[in-house]
Amino acid sequence: MSTKQQRSPTAGKATILGIGKAFPRQLVLQDLLVEGYIRDTNCDDLAIKDKLQRLCKTTTVKTRYTVMSKEILEEYPELATEGSPTIKQRLDIAHPAVLEMAKEASLACLKDWKREAKDITHVVYVSSSEIRLPGGDLYLATELALRNDVARVMLYFLGCYGGVTGLRVAKDIAENNPGSRVLLATSETTILGFRPPNKSRPYDLVGAALFGDGAAAVVVGADPVPGVETAFMELNTAAQQFLPGTSHVIDGRLSEEGIYFKLGRDLPQKIEENIEEFCRKLMGGAAGLAEGGYDYNSLFWAVHPGGPAILNRLESALRLDEGKLECSRKALMDYGNVSSNTIFYVMEYMREELGKKGDKGEEWGLALAFGPGITFEGILLRSLLH
């Protein structure tokens, strides 16, 4: 996409200089998911099938991508067998898959950045889908032919807020190492959590109806080189907080059969009750932004779409105008919840939207994500687009 830079970046502030994404080859249409999932897991329970059909409609997802395929199930039929110890098989599938997606997203990002891989000084790698030593950060650096003295950070098992955490870490690196260029890559697959449905685990159906696979990447750096780099977003105040006493609301456990997740029904309510205070904390990072009261509709919003209920509650709590969360809703519709990656799909749509608005586009915005803890992660953004 061709964009012009209207606003000048603040000296020394981290900016996003390029963005890219990638997905596995298997495209899943939500309208066809139920029949395929029931067939692949050899489920003959009509009540489970009916519930999954209802969930698939309420998620608002239309299309998703997945590493899982007919070929994988034929080679590893035990993945669809209840109680099978399959963590080794799942990791054997996940490791090359997340690396390939991370590499593809990173190459797309480097192309968007318009500089060479050797100019990358740091790597931040985020994934909740692999377990190995060395980690995906080293394998990605090798695949991209980065310098062998590239400084690497690996962020494991953060879940849905991992992408914004990665941005916060990349921002700190960029602002404290003049001239540095940080490649932040995220990559996720649902292979570790795929299993046949069971009435004792209703959460599995939510995952089957909502989550997808994919990868994303951004390059972060301060003081863009004139005529060489084009920044489209500036990273200002960053904050993280957890809500005491809520660690049980999102609960994930690794077992011999893969990863099990439990999502509490009160998650959207907990977010709604605490989101305004968190947003005010972030908005305080910009001089004059909160003068005369907090006008949330004066901002653009890049919110991780954990699900439609979370978006609806946030929209209601902050009294946002219709359409303010359109980029989040579109990302959810097109890709599902892809855990740490999804915030970057939202930001890519936001780049397009702000570019179209021109001078009428909002200057300030918030990137928000929520995950286990319950953890809130956020960054105050400044658009540099015309």
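Up top is the structure these notes are about.
Residues numbered from 1 in each chain as written. Predicted model: local features only at pLDDT ≥ 70, side-chain atom pairs only at ≥ 80, totals over all residues. Heavy atoms only, no water.

Moving on to the overall build of the protein. In terms of regular secondary structure, the protein is built from 11 helices and 13 strands. The C-alpha radius of gyration of the protein comes to 20 Å, within 12% of the 21 Å expected for a compact globule of 386 residues. Taking the principal axes of the C-alpha coordinates as reference, the protein spans close to 60 × 50 × 40 Å. Among the 386 residues that make up the protein, the fraction classed as buried is 57%. (Helix = DSSP H or I, 4+ residues; strand = E, 2+ residues; numbered from the N terminus. Rg over C-alpha atoms; globule rule 2.2 N^0.38 Å. Buried < 20%, exposed > 50% of the residue type's maximum accessible area, 1.4 Å probe, protein only.)

The next subject is the packing of helix α4 (residues 87–113) against helix α5 (residues 136–143). Between two packed helices, what matters for the description is the angle formed by their axes and the separation of those axes. Packing of α4 against α5 brings their axes to within 10 Å, and their N-to-C directions diverge by 50 degrees. Looking at the two axes, α4 sits oblique to α5. Between α4 and α5 lies a crossing of right-handed hand. Contacts between α4 and α5 involve Leu99, Ala102, Lys103 and Ser106 on the former and, on the latter, Gly136, Tyr139, Leu140 and Glu143. Here the residues of the contact of α4 with α5 sort into four nonpolar, two polar and two charged. (Axes fitted to C-alpha atoms, helices over the stretch in contact; angles between N-to-C directions. Parallel < 35°, antiparallel > 145°, perpendicular 65-115°, else oblique. Left-handed = near helix turned anticlockwise from the far one by under 90°. Contact = heavy atoms within 4.5 Å. Nonpolar A, V, L, I, M, F, W, Y, C, P; charged D, E, K, R; others polar.)

Before going further, it helps to examine the packing of aromatic side chains. Applying the stated rule across the entire model yields 11 aromatic pairs. Judged by centre distance (6.4 Å) and plane angle (15 degrees), the ring pair of tyrosine 335 and tyrosine 349 falls under stacked. In this pair, tyrosine 335 is assigned in helix α10 (residues 326–335) and tyrosine 349 in helix α11 (residues 342–357), connecting sequence segments 14 residues apart. Between phenylalanine 370 and phenylalanine 376, the aromatic rings sit 5.1 Å apart at their centres with planes inclined by 70 degrees, giving edge-to-face as the arrangement. Overall, the relative accessible area of 6% leaves phenylalanine 370 in the buried class. A relative accessible area of 0% means that phenylalanine 376 is categorised as buried. Feature note: the residues Phe23, Tyr65, Tyr335, Tyr345 and Tyr349 constitute an aromatic cluster, connected by ring pairs. (Phe/Tyr/Trp six-rings, centres within 6.5 Å; stacked < 30°, edge-to-face > 60°.)

Enumeration over the complete set of coordinates arrives at 31 salt bridges. With its nearest N and O atoms 3.4 Å apart, the salt bridge here joins glutamate 104 to arginine 25. In this pair, glutamate 104 is assigned in helix α4 and arginine 25 in the loop between β1 (14–22) and β2 (26–29), connecting sequence segments 79 residues apart. The exposed category is assigned to arginine 25, whose relative accessible area is 65%. (Salt bridge = Lys/Arg side-chain N within 4 Å of Asp/Glu carboxyl O.)

Any link to function would need more than the numbers given here.
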